[in-house]
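Chain by chain, the residues run as shown.
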Amino acid sequence: MIRELTSFFISIYAIIYIYQLSLLASGDFSSYDLFVRNPATIGFSIIALFFTLYHAVTWFSLMGRIQVVKLGPKKTATPLQAIAINLLLLLIIAYAIVYLFILR
Amino acid sequence: MTKDSGVETATLKVFRYRPEVQTEPFVQEYKVPYRQDMVVLDALNYIKDHIDGTLSYRWSCRMGICGSCGANVDGEPKLTCASFLHEFKGKEIKIEPLANFPVIKDLIVNIEDFMEKLDHIKPWIIRKEETPLEKGEYRQTPEELEAYKQFSMCINCMLCYAACPIYGMNEEFLGPAATALAYRYIADTRDQDHEARFPMVHDKEGVWECTLVGECSVVCPKGVDPMLAIQKTKILGATQILKPPRRGK
Amino acid sequence: MDKVKKEYKSDKLHALLWGVFSVGGFIAAFLLPVLIYIDNIAYPLGLWPVANSSLIKIVFMVSLLSTIFVFITIGGSLFHGIFRFKTTLPELGLKRASSLISAVGYIIIAVGLIALAYYLFQLYHGFDPSLFHRII
Ligand code: FES
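Residues numbered from 1 in each chain as written. Chains lettered and ligands numbered in written order. Predicted model: local features only at pLDDT ≥ 70, side-chain atom pairs only at ≥ 80, totals over all residues. Heavy atoms only, no water.

## Remarks on the overall build of chain A
When helices and strands are tallied, chain A shows four helices and zero strands. Helices and strands in chain A line up, N terminus first, as α-α-α-α. Over its C-alpha trace chain A gives a radius of gyration of 18 Å, far above what one expects of a compact globule, namely 13 Å for 104 residues. Counting every position in chain A, which comprises 104 residues, the buried fraction comes to 44%. At a minimum sequence separation of 6, the contacts of chain A that also span at least 24 residues come to 46%. (Helix = DSSP H or I, 4+ residues; strand = E, 2+ residues; numbered from the N terminus. Rg over C-alpha atoms; globule rule 2.2 N^0.38 Å. Buried < 20%, exposed > 50% of the residue type's maximum accessible area, 1.4 Å probe, protein only. Contact = heavy atoms within 4.5 Å.)

## Things to note about the packing of aromatic side chains
What describes a pair of aromatic rings is the distance from one ring centre to the other and the angle between the planes of the rings. Considering all chains together, one arrives at 20 aromatic pairs over all chains under this definition. Seen in terms of ring centroids, Phe26 of chain C and Phe30 of chain C are 6.4 Å apart; in terms of plane orientation they differ by 5°. Their pairing is stacked. In this pair, Phe26 of chain C and Phe30 of chain C are both assigned in helix α1 (residues 12-30), four residues apart and thus about one turn of the helix distant. Taking the relative accessible area as the measure of exposure, Phe30 of chain C reaches 9% and is therefore buried. Put simply, the rings of Trp59 and Phe60 of chain A together with Phe21, Phe26, Phe30, Phe79 and Phe83 of chain C pair up and form one aromatic cluster. Taking the ring centre of Tyr138 of chain B as reference, the NZ or CZ of Arg127 of chain B above it sits at 3.8 Å. Lying across the ring of Phe83 of chain C, Lys86 of chain C places its NZ or CZ 4.7 Å from the centre. (Phe/Tyr/Trp six-rings, centres within 6.5 Å; stacked < 30°, edge-to-face > 60°. Lys NZ or Arg CZ within 6 Å of the ring centre and 35° of its normal.)

## Observations concerning the nonpolar core
Leu12, Leu44, Leu85 and Ile95 of chain B together with Ile74 of chain C are the most contacted members of the largest nonpolar core, which has 130 residues in total. In this view, Ile74 of chain C contacts Tyr13, Ala14, Tyr17 and Ile18 of chain A together with Leu32, Leu35 and Leu116 of chain C; residues no more than four positions away in its chain are not counted. (Core = buried A, V, L, I, M, F, W, Y, C linked by side-chain atoms within 4.5 Å.)

## Examining the interface of chain B and chain A
Counting residues at the interface gives nine residues for chain B, matched by four residues for chain A. Summed over both partners, the interface of chain B with chain A buries about 610 Å², with 60% contributed by carbon and sulfur atoms. Our count for the contact surface shared by chain B and chain A stands at zero salt bridges. The interface formed by chain B and chain A includes one residue pair in polar contact (both at pLDDT 80 or more). (Buried area = accessible area lost by both parts, 1.4 Å probe. Salt bridge = Lys/Arg side-chain N within 4 Å of Asp/Glu carboxyl O. Polar contact = N/O pair within 3.5 Å; in protein donor to acceptor, adjacent residues only side chain to side chain.)

## Quick word on the pattern of salt bridges
Side-chain pairing between opposite charges can occur once the charged atoms of the two side chains come close. Residue and element names in this part refer to chain B. Per the counting criterion, the structure on display carries eleven salt bridges over all chains. One salt bridge in this structure joins Lys13 and Glu29, with 3.9 Å as the shortest N-O distance. Here the residue Lys13 occupies a position in strand β2 (residues 7-16), and Glu29 occupies one in strand β3 (residues 26-33), the gap between them amounting to 16 residues. Note on Glu29: relative accessible area 44%, which makes it partly exposed.

## Concerning the interface of chain A and chain C
At the interface, 50 residues of chain A touch 55 residues of chain C. Of the roughly 4800 Å² buried where chain A meets chain C, counting both sides, 77% is carbon and sulfur surface. Looking at the side of chain A facing chain C, the largest losses of area belong to Trp59, Phe101 and Ile102 of chain A, adding up to 15% of the total buried there. Counting every contact that joins chain A to chain C gives eight residue pairs in polar contact (both at pLDDT 80 or more). Considering every element that reaches the side of chain A that touches chain C, the biggest residue donor is helix α1 (residues 2-25) of chain A, with 16 residues. Residues of the side of chain A that touches chain C, tallied by class, amount to 34 nonpolar, eleven polar and five charged. (Nonpolar A, V, L, I, M, F, W, Y, C, P; charged D, E, K, R; others polar.)

## What about unusual backbone geometry?
Residues and elements named next belong to chain B. Phi at Asp74 takes a positive value of approximately 50°, unusual for a residue other than glycine. Residue Asp74 is classed as partly exposed on the basis of its relative accessible area of 26%. You will see that Asn100, though not glycine, has its phi angle at about 70°, which is positive. One can find Asn100 in the loop between β6 (93-96) and β7 (103-105). Using a relative accessible area of 33% as the deciding quantity, one classes Asn100 as partly exposed.

## Quick notes on the packing of α1 of chain A against helix α3 (residues 39-66) of chain A
Residues and elements named next belong to chain A. Two numbers describe how α1 lies on α3: the axes approach to 9 Å, and their chain directions differ by 130°. Considered as vectors, α1 and α3 are oriented oblique to each other. Crossing hand, α1 versus α3: left-handed. Of α3, the residues touching α1 (which contributes Ile2, Leu5, Thr6, Phe9, Ile10, Ile12, Tyr13, Ile16 and Gln20) are Thr41, Phe44, Ser45, Ile47, Ala48, Phe51, Thr52, Tyr54 and His55. When the residues that make up the contact of α1 with α3 are grouped by side-chain class, the tally is twelve nonpolar, six polar and no charged. (Axes fitted to C-alpha atoms, helices over the stretch in contact; angles between N-to-C directions. Parallel < 35°, antiparallel > 145°, perpendicular 65-115°, else oblique. Left-handed = near helix turned anticlockwise from the far one by under 90°.)

Here you go:
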């Protein structure tokens, strides 16, 4: 059931994001601003973020089983370690994006 | 388990279907003497020997190897020879034929569909050319063995089919065990024509039907992970379209 | 029950769709969280890292690279989300309607991707950054 829910929230967020872009593209910035600052939008986004992270963890655990992560010539990562490695990768990518598009 | 006149007994509610005498299936209750070390199959054998000789079910090895004794025990697909009565302590045990298969009689289901699928995936090592015996055996490294070993543990008991809701809705779906066995040979370095199995596993009703329910891997009594085999086979299919078409044939 | 012997054939289209779905799964896992956080949580609530940066950067509309980033992230997630949602619906007992659901799913994906590309193109080409400053 939770699988259906994660994909549902991811899809709806993507559609809302496209709607936000349409507001921006119309050139009327205040409508965009009003929309994203609406508590309902923020609340939904927080839930969507939560489900996206949930998706990430389940996705990593599945990928860890399909493609075994090697830690050394003889050592393979346990499923939990594989998830941890991927989560670390997620953090690095997130920071790289923040740095590339905002902080730089 | 209850005490009847000093002897501990277990109650089995067994699904009966006897098309030659009665068109409708019914449930029959049996009480068998209970012992700590008894499995469901022992109880069925006790019924057959001492209470009701008309009860039909399949079994052979009594040790989880032949794969013929599968049934839905309390709603879960299980090998009856590997399910102890004491796991169901204090309860009546419901014994039904494997779900998702047509019932022939009592606990016996029609397994034709699976047998056909098994045949189609070519469950043998395909060699382009057999090397002569004196050249010795085909050698594999431990890693090469590891790539397919768990999938070779399948005993064709079909519990995974009974657990798969997708197979329940569409019997054309190739299903867990057949895909796991196909992958077992695809991943075997001794096999020289993996692609011979691609039309079956990558068929419209092959691996693409799977929606990752994962119940097949939960119920497997031999620790095989058919869901994993299906995902690996999907990756093979998706990367296959990036490759140029194969020449000849 | 007379069964016609089944003809097996590799289904290239399903393989392709599944491939995109699976790449979309990676995108939704690795790229979507940070996009949600920046555009829809950090920006409206004034949190790090956008608290003190100029507004234009917030919505990623600065470069070709960021436009591509948004397209891949939202497009990939949309495909992944809808595809998975539509394939899990039959599990809930909606088998009968599954080909209809499938068609509706692909229509949503197609329309979504076209709209996404259209708005991003508009923003990348014709967006007037001074609009931001006039309002704040
Ligand atoms: S009797 Fe052989 S597996 Fe149970």
